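Spelled out from the first residue to the last, the chains are:
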Amino acid sequence: LALTACAGPSVNNDSTGAASGTPEGKSEAVDYSAIEPATEISFWTNHPGGSIDIEQSIIDEFTKETGIKVNLVTAGANYEEVSQKFQTAQVSGDAGDLVVLSDANWFTQYLNGSITPIDPILEAAGADTSNYVEALYDDYLYEGQHYGVPFARSTPIFYYNKDQYAAAGLTDAPKTWDEVKANAEKLAQTNSSEVIAFGFPSEANYPAWTMANLVWGFGGQWSNEWDFSSLTDAKTIEALTFAQNGVKDGWGGVLSGDPESVFAAGGASQVIASTGSLKGILESAFFEVGVAFLPAGPAADSGIVPTGGAGVAISATSSPEKQLAAAMFADYLTSTDNTATFSAGTGYLPVRTDADMS
């Protein structure tokens, strides 16, 4: 397995040095080309998609290649817990050197000055960023600098219970939201009272993400850049009223837990959830699972798909030596071969354009 960072500097046993971050997330001038990477760093993660074994395997190979020890730390059960612990650790001084941050919370860490621009560190590490999927890599771009690289990236997909479909006389996955409603109405007639025909996410389970397809399909939007006035746009309201009426009319319902778990347990016939949940759902579901593209709305010819998931960022309070070692590992973790391995093992998207998924 090729390691682009092998062309970088040699390992340094001295991992002391001043941190390069500032309270506003900017970076002081650090000449990383004159720095040798630390021999040991920590990687804080929630093991997206149940990936702890995959992460550890990648770490073991990285250590063989570089001699750098990476301590794998379970920093939380989900992205929010990792982010909260990481922010608290900025004060205590024991934050992870490389941390998994979701697309919903990396910018908060930037505003808090907890992560540092990654471009100059990757350059010093000899990393090649040219084949990252541009749309995913640039999710971490702000004011001309990247604050992370894509790692466990996903899109929502449509999951449906084929057994419950068959019982309702249904065979095909819906292609539009009108068909979602029609199928759900039939499912509601044959399901037991405990099973929701179509499950909408609760407030704690990223409704703005999984319902973006619905809002966009009706011609609405959550925001226009930093302008949030579109929240009250007629098309946005129409989309959300469609969902609200689904709950009122009984073909939809708000799930009490996360969509993946409720669906896999047979508690919902249809849900929209992350591709990163695919492996877990297939392993735990006792029925035949169907997957399909997201449905189209009246204002779209096909389903519009948002991206999500998480990237990895480097702590602003780590020493330059640890930051350099963390950049080397970030590059290795998301390399062409490793992103293919991670994707095949979890369901997350490959983040490199040349990843071979065959």
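Our subject is the structure listed above.
The present account deals with the structure reproduced in this document. Quick caveat, the model's predicted, so the values are computed rather than measured.

So, how was this worked out
Residues numbered from 1 in each chain as written. Predicted model: local features only at pLDDT ≥ 70, side-chain atom pairs only at ≥ 80, totals over all residues. Heavy atoms only, no water. Helix = DSSP H or I, 4+ residues; strand = E, 2+ residues; numbered from the N terminus. Rg over C-alpha atoms; globule rule 2.2 N^0.38 Å. Buried < 20%, exposed > 50% of the residue type's maximum accessible area, 1.4 Å probe, protein only. Contact = heavy atoms within 4.5 Å. Areas by Shrake-Rupley, 256 points an atom, 1.4 Å probe, with all protein chains shown as cover. Lys, Arg positive; Asp, Glu negative; His and termini not counted. Charge placed at Lys NZ, Arg CZ, Asp CG, Glu CD. Phe/Tyr/Trp six-rings, centres within 6.5 Å; stacked < 30°, edge-to-face > 60°. Lys NZ or Arg CZ within 6 Å of the ring centre and 35° of its normal. Salt bridge = Lys/Arg side-chain N within 4 Å of Asp/Glu carboxyl O. Pairing = 2+ DSSP bridges. Axes fitted to C-alpha atoms, helices over the stretch in contact; angles between N-to-C directions. Parallel < 35°, antiparallel > 145°, perpendicular 65-115°, else oblique. Left-handed = near helix turned anticlockwise from the far one by under 90°. Nonpolar A, V, L, I, M, F, W, Y, C, P; charged D, E, K, R; others polar. Expected span 1.5 Å × (residues − 1). Arc of directions from axis to C-beta.

Scanning the protein chain for helices and strands turns up 14 helices and 12 strands. Taken over C-alpha atoms, the radius of gyration comes to 22 Å for the protein chain, in line with the 21 Å a tight globule of 358 residues would show. Considering the protein chain as a whole, with its 358 residues, one finds that 52% of them fall into the buried category. Across the protein chain, contacts joining residues at least 24 apart in sequence account for 74% of those joining residues at least 6 apart. Here the protein chain displays about 15,500 Å² of accessible surface, and carbon together with sulfur accounts for 51% of that area. A distance of 7 Å separates the average location of the 14 positive side-chain charges in the protein chain from that of its 45 negative side-chain charges.

The next thing to look at is unusual backbone geometry. Here glutamate 143, not a glycine, exhibits a phi torsion of approximately 50°, which is positive. Since its relative accessible area comes to 53%, glutamate 143 is described here as exposed. Not every positive phi belongs to a glycine, and tyrosine 206 is a case in point at roughly 55°.

A word on the packing of aromatic side chains. Considering all chains together, one arrives at 27 aromatic pairs under this definition. On the basis of an interplanar angle of 65° and a centroid distance of 5.1 Å, the ring pair of tyrosine 110 and tyrosine 142 is categorised as edge-to-face. Highlighted residues: tyrosine 110 in helix 3 (residues 106-111) and tyrosine 142 in strand 4 (residues 141-142), separated in sequence by 32 residues. Residue tyrosine 142 is classed as partly exposed on the basis of its relative accessible area of 25%. Plain terms: the ring middles of phenylalanine 158 and tyrosine 160 are 6.4 Å apart, the flat faces sit at 40° to each other, and that makes the pair tilted. The ring of tryptophan 44 has lysine 85 lying over it, and the distance from NZ or CZ to the ring centre is 5.2 Å.

The next subject is the environment of alanine 300. With respect to the helices and strands, alanine 300 occurs in the loop between strand 11 (289-292) and strand 12 (308-314). In this structure, the C-alpha to C-alpha distance between alanine 300 and glycine 217, residues 83 residues apart in sequence, is 5.3 Å.

On to the pattern of salt bridges. Within the structure shown, the criterion is met by six salt bridges. A salt bridge links lysine 162 to glutamate 288, with the shortest nitrogen-to-oxygen separation between them at 3.7 Å. In this pair, lysine 162 sits in helix 6 (residues 162-167) while glutamate 288 sits in the loop between helix 12 (278-284) and strand 11, placing the two residues 126 residues apart along the sequence. A salt bridge links arginine 352 to aspartate 331; the nearest nitrogen and oxygen atoms lie 3.1 Å apart. Of this pair, arginine 352 sits in the segment after helix 14 (336-346) while aspartate 331 sits in helix 13 (residues 320-333), and the two are 21 residues apart along the sequence.

Let us look at the side chain of asparagine 46. Residue position: asparagine 46 is located in the loop between strand 1 (40-45) and helix 1 (52-66). Under the relative-accessibility criterion, asparagine 46 is labelled buried at 12%. If near-sequence neighbours (up to four positions away) are discounted, asparagine 46 is found in contact with Gly76, Ala77, Asn78, Tyr79, Val82 and Val100.

Regular strands place side chains that alternate from one sheet face to the opposite one. For strand 3 (residues 98-102), the tally of buried residues reaches five of five residues, placing the bulk of the element in the interior. Going residue by residue along strand 3, you find Leu98, Val100 and Ser102 tucked away on one face and Val99 and Leu101 tucked away on the opposite face as well. Looking at chain direction, strand 1 and strand 3 are connected through two bridges and run parallel. The residue of strand 3 that forms the bridge with tryptophan 44 is valine 99. Here five bridges tie strand 3 to strand 12, and the two strands are oriented antiparallel to one another. Within the sheet, the bridge partner assigned to valine 99 lies in strand 12 and is alanine 313.

As a further point, take the sheet that holds strand 3. Where strands meet in a sheet, backbone hydrogen bonds hold them as pairs that are either parallel or antiparallel. Taken in spatial order, the five strands of this open sheet run 2-1-3-12-6, and their pairing is mixed. Across the chains shown, the open sheet's two edge strands, defined by having one partner strand only, are strand 2 (69-74) and strand 6 (149-154). Here the strands of the sheet are splayed against their neighbours by 25° on average, with no regard to which way each runs. Sheet topology note: the strand 1/strand 2 ladder contains six bridges and is parallel. Directly across from phenylalanine 43, in strand 2, lies its bridge partner leucine 72. Sheet strands in contact with helix 2 (residues 79-92) are strand 1, strand 2, strand 3, strand 6 and strand 12, and its direction is about 130° off that of strand 3.

A separate point is the packing of helix 1 against helix 13. Closest axis-to-axis distance for the helix 1/helix 13 pair is 10 Å, and the angle between their directions is 125°. It follows that helix 1 is oblique to helix 13 by the angle criterion. Every pair of crossing elements has a handedness; the one defined by helix 1 and helix 13 is right-handed. Here Ile58, Ile59, Glu61, Phe62, Glu65 and Thr66 of helix 1 come into contact with helix 13, specifically with Ala325, Met328, Phe329, Tyr332 and Leu333. Residues that form the contact of helix 1 with helix 13 fall into these classes: eight nonpolar, one polar and two charged.

With that out of the way, let us pick up helix 7 (residues 177-190). Between the first and last C-alpha of helix 7 there are 20 Å, a value that for 14 residues agrees with the 20 Å anticipated at 1.5 Å per step. Residues of helix 7 that are buried: Trp177, Val180, Asn183, Ala184 and Leu187. Buried residues of helix 7 fall within an arc of 115° about the axis and therefore sit on the same side. Projecting away from the buried face of helix 7 at angles above 90 degrees are the exposed residues Asp178 and Gln189.

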